[in-house]
Amino acid sequence: MPKEIKIAGNQVASGQRRSINIPVARLYTHTEMTIPVHVLRGKKDGPRLFVCAAIHGDEIVGVEIIRRLLKLKILQRLRGTLIAVPVVNVYGFINNTRYLPDRRDLNRFFPGSQKGSLTSRLANIFMEEIVANSTHGIDLHAGSHHRVNLPHIRACLNNPETKKVAFAFGAPVILNADLRDGSLRQAVEEKDIPMLLYEAGEALRFDEFVVRAGVKGILAVMRSIGMLTSRTIRKSRIQPMVASATSWVRAPGSGILRTQISLGGKITANQKIGEIADPFDEHETAVISPVSGIVIGRMNLPLVHKGDALFHVAGFEDSVAVSESLDDFKEEIGESPTATSLQEPIHQPI
Ligand SMILES: [Zn+2]
């Protein structure tokens, strides 16, 4: 790790806070395209944490999490460096889509290459300019294609440092998720840099609860690695639970889905969790869960084809403890948005 921090040729000195635009391929209108980055370097050296969002351009909730994070006065006492990249896939973000203009998914193309496709080049730029300057990382995502996720962390718990920060984040559920080929998480973990993926909410939507939990989790991670002091950030009382397995409950037929199972709901094997019927059906098809567990993701669009993924269910050794942890989590996030110093009023839903 070089002592200096240099992003796209711009040096960031101790105690400095600056915005940097990393050039990427222009639009075909000749318009310059850049990835905006905000760097806060404390006066004292310490860990270098990148926090990024919108690798999938339609997963916008992380952009709001980063915006709120950057407004916190607590960061004036930062030790080390925070590198915030609110919009990685700038092309997809503009078009409200997950993909790049070449129809590729950025999170399957890391670490990328200098001479590859547009997507591969963008992945390479992120590795060279952001990851190369970092000791830790957090990547913010949301459910895609009308699916909404319960706030949870995906991490490779085999790495002890990753495990430590995964628990520190304070989300109620952790998935010890396999590294997906070509994902940022895989490319970063291969460099032995601990990285978390925060998965919460729904694409193209804001969700106040998800935003609060995200800001709070990032601050808790910063505290756990010594970027913020334990005096300024209170420790979460959430006891995260690691899922033993996850699986999808799929639609047994095509039609319109009715269900009363909500996110965080507890279900048992062979329980009826919904009904599917087309508008003229006299007979409804029951959706039966083959597994027990907690619903960590679900379809919001009730129009389904046979085989569509409807509910993402995580299994635990102790589902009752998870339910209790979820209740604590709701209470804690509701009470205390960022643990200490929220700089603006919380917008209540209309
Ligand atoms: Zn995503």
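Residues numbered from 1 in each chain as written. Predicted model: local features only at pLDDT ≥ 70, side-chain atom pairs only at ≥ 80, totals over all residues. Heavy atoms only, no water.

A. A look at the environment of Glu 317. Summarising the element assignment, Glu 317 is placed in the loop between strand S19 (309-315) and helix H7 (319-335). Counting along the chain gives 74 residues from Glu 317 to Ala 243, while the straight-line C-alpha distance between them is 7.9 Å. (Helix = DSSP H or I, 4+ residues; strand = E, 2+ residues; numbered from the N terminus.)

B. Seen up close, the coordination of the zinc ion. Note on the zinc ion: its protein donors are His 56 (ND1), Glu 59 (OE), Glu 59 (OE) and His 141 (ND1). The metal-donor distances range over 2.0 to 2.5 Å. Here the zinc ion binds 4 donor atoms, and the angle range of 56 to 149° at the metal identifies the geometry as irregular. Between consecutive donors of the zinc ion, the numbers of intervening residues give the motif H-x2-E-x81-H. Of this pair, Glu 59 sits in the loop between strand S5 (44-53) and helix H1 (61-70) while His 141 sits in strand S7 (residues 136-143); the two residues are 82 residues apart in sequence, bridging distant segments of the chain. Residue class for Glu 59 comes out buried when judged on its relative accessible area of 2%. (Donors = N, O, S within 2.8 Å, 3.2 Å for Na, K, Ca; no water. Tetrahedral: all angles 85-135°; square planar, octahedral: opposite > 155°, others 65-115°. Buried < 20%, exposed > 50% of the residue type's maximum accessible area, 1.4 Å probe, protein only.)

C. The arrangement of the sheet that holds strand S15 (residues 272-277) in detail. The strand order S16-S15-S13-S18 describes an open sheet built from 4 strands, whose pairing is antiparallel. The open sheet has two edge strands, strand S16 (285-288) and strand S18 (303-304), and neither has a second partner. As paired strands, strand S13 (residues 255-258) and S18 are joined by 2 bridges and run antiparallel to one another. Bridging from a neighbouring strand, Gly 255 pairs with Val 304 of S18. (Pairing = 2+ DSSP bridges.)

D. View of the packing of H1 against helix H6 (residues 208-224). Running from amino to carboxyl end, H1 crosses H6 at an angle of 55°, the nearest separation of the two axes being 9 Å. When the axes of H1 and H6 are compared, the pair comes out oblique. Pair H1 / H6 crosses with right-handed handedness. Between H1, through Val 61, Glu 64, Ile 65, Arg 68 and Leu 69, and H6, the contact on the second element is made entirely by Glu 208, Val 210, Val 211, Gly 214, Val 215, Ile 218 and Leu 219. (Axes fitted to C-alpha atoms, helices over the stretch in contact; angles between N-to-C directions. Parallel < 35°, antiparallel > 145°, perpendicular 65-115°, else oblique. Left-handed = near helix turned anticlockwise from the far one by under 90°. Contact = heavy atoms within 4.5 Å.)

E. Here's a closer look at the state of the cysteines. Summed over the entire model, instances satisfying the criterion amount to 0 disulfides. Free of any disulfide, Cys 156 has its nearest cysteine sulfur in Cys 52, 17 Å distant. (Disulfide = S-S within 2.5 Å.)

F. A look at the environment of Ser 224. In this fold, Ser 224 is placed in helix H6. According to the relative accessible area criterion, Ser 224 is partly exposed, its value standing at 23%. Among all residues touching Ser 224, those that are not within four sequence positions of it are Lys 164, Val 165 and Ala 168. In terms of polar contacts, Ser 224 uses its side chain to reach the backbone carbonyl oxygen of Val 221, at 2.9 Å. (Polar contact = N/O pair within 3.5 Å; in protein donor to acceptor, adjacent residues only side chain to side chain.)

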